[in-house]
Amino acid sequence: MTTPILDAHRQNWPETYDHRIISLLLSLQHVHVAEAINYDWIMARYRLGMAEFDALAALRRSPVRELTPSELQRSMVITSGGLSKVIQQLEARALVARSTAENDRRVKPVRLTDKGERLIEQAMAELMDVAGKSIRGLLDDAEIDRLIELLEKLAGQTGNPAP
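Scoring rules and cut-offs
Residues numbered from 1 in each chain as written. Predicted model: local features only at pLDDT ≥ 70, side-chain atom pairs only at ≥ 80, totals over all residues. Heavy atoms only, no water. Helix = DSSP H or I, 4+ residues; strand = E, 2+ residues; numbered from the N terminus. Buried < 20%, exposed > 50% of the residue type's maximum accessible area, 1.4 Å probe, protein only. Contact = heavy atoms within 4.5 Å. Core = buried A, V, L, I, M, F, W, Y, C linked by side-chain atoms within 4.5 Å. Pairing = 2+ DSSP bridges. Axes fitted to C-alpha atoms, helices over the stretch in contact; angles between N-to-C directions. Expected span 1.5 Å × (residues − 1). Arc of directions from axis to C-beta.

1. As for the side chain of Thr-113
Line of reasoning, step 1. In this structure, Thr-113 sits in the loop between strand S3 (110–112) and helix H6 (114–136).
Line of reasoning, step 2. Note on Thr-113: relative accessible area 13%, which makes it buried.
Line of reasoning, step 3. The residues contacting Thr-113, other than those within four sequence positions of it, are Ala-94, Leu-95, Val-96 and Ala-97.

This is the structure we're talking about:
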């Protein structure tokens, strides 16, 4: 399949033209933009940035709804400085709370508050509903499984469990 973008690239930048790779990159970009539109309005409704959403979701996945900053950082794609800012923003909204670890007073675990738990559960339910309808409207289970396998391979994560 050709598109105006592919045609223009092939004609005007032939030395970098690889039909399959450019088609794949454009497709990934289109999927990202389409899904971001769905996610953005959900994040806006809950006044969350994606990093804040990820942090709350990581805390919600924890059996005790609490993680050290290091554990939280390992479950996200974020720098320690970026995580500090996210924690401060969530703490200001009373969505998380910090305490001091009994065995090491330097460690200040981050705990999901009841308010934070209610918010992330609502946001996640809405996100899963919207994403599920969008994706399942186009792909069957076998196609979803194959796409996951291929994307994990591209991401270099084949065989590694998700955080």
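Still more to cover.
2. Concerning the nonpolar core
Line of reasoning, step 1. Judged by nonpolar contacts, the single largest core of 26 residues is most densely connected at Leu-48, Phe-53, Leu-56, Leu-59, Leu-72 and Leu-90.
Line of reasoning, step 2. Sorting the residues of this core by element identifies helix H2 (19–45), helix H3 (50–61), helix H5 (80–92), S3 and H6 as the ones contributing at least two each.
Line of reasoning, step 3. In terms of residue count, H3 provides more of this core than any other element does, 6 residues in total.
Line of reasoning, step 4. When near neighbours in sequence (up to four residues on either side) are disregarded, Leu-59 contacts Arg-65, Glu-66, Leu-67, Leu-72, Val-96, Val-110 and Leu-112.

3. Things to note about the side chain of Glu-52
Line of reasoning, step 1. Along the chain, Glu-52 turns up in helix H3.
Line of reasoning, step 2. Sequence-distant contacts of Glu-52, that is, excluding residues within four places in its chain, are made with Arg-47, Val-86, Gln-89 and Leu-90.

4. A few points about the environment of Gln-73
Line of reasoning, step 1. Relative to the elements of secondary structure, Gln-73 occurs in helix H4 (residues 69–74).
Line of reasoning, step 2. Between the C-alpha atoms of Gln-73 and Arg-10, which are 63 residues apart in sequence, the distance is 42 Å.
Line of reasoning, step 3. Beyond its immediate chain neighbours, meaning those up to four positions away, Gln-73 contacts Ile-78, Thr-79, Ser-80 and Leu-83.

5. Overview of the sheet that holds S3
Line of reasoning, step 1. Pairing in this open sheet of 3 strands is antiparallel, and the strands run S1-S3-S2 from one edge to the other. For this open sheet the edge positions go to strand S1 (66–67) and strand S2 (96–98), each flanked by a neighbour on one side alone.
Line of reasoning, step 2. Strand direction decides the pairing type here: S1 and S3, joined by 2 bridges, are antiparallel. By the bridge assignment, Leu-67 is partnered in S3 with Val-110.
Line of reasoning, step 3. Packed onto the sheet, H5 meets S2 and S3 and runs at close to 110° relative to S2.

6. Remarks on H5
Line of reasoning, step 1. An ideal rise of 1.5 Å per residue puts 18 Å on 13 residues; H5 measures up with 18 Å between its terminal C-alpha atoms.
Line of reasoning, step 2. Those residues of H5 not exposed but buried are Leu-83, Val-86, Ile-87 and Leu-90. One side of H5 holds all its buried residues, which, seen down the axis, span an arc of 100°. Every exposed residue of H5 that faces more than 90 degrees away from the buried side is listed here: Lys-85, Gln-88 and Ala-92.
Line of reasoning, step 3. On the buried face of H5, the contacting elements are H3, H4, S2 and S3.

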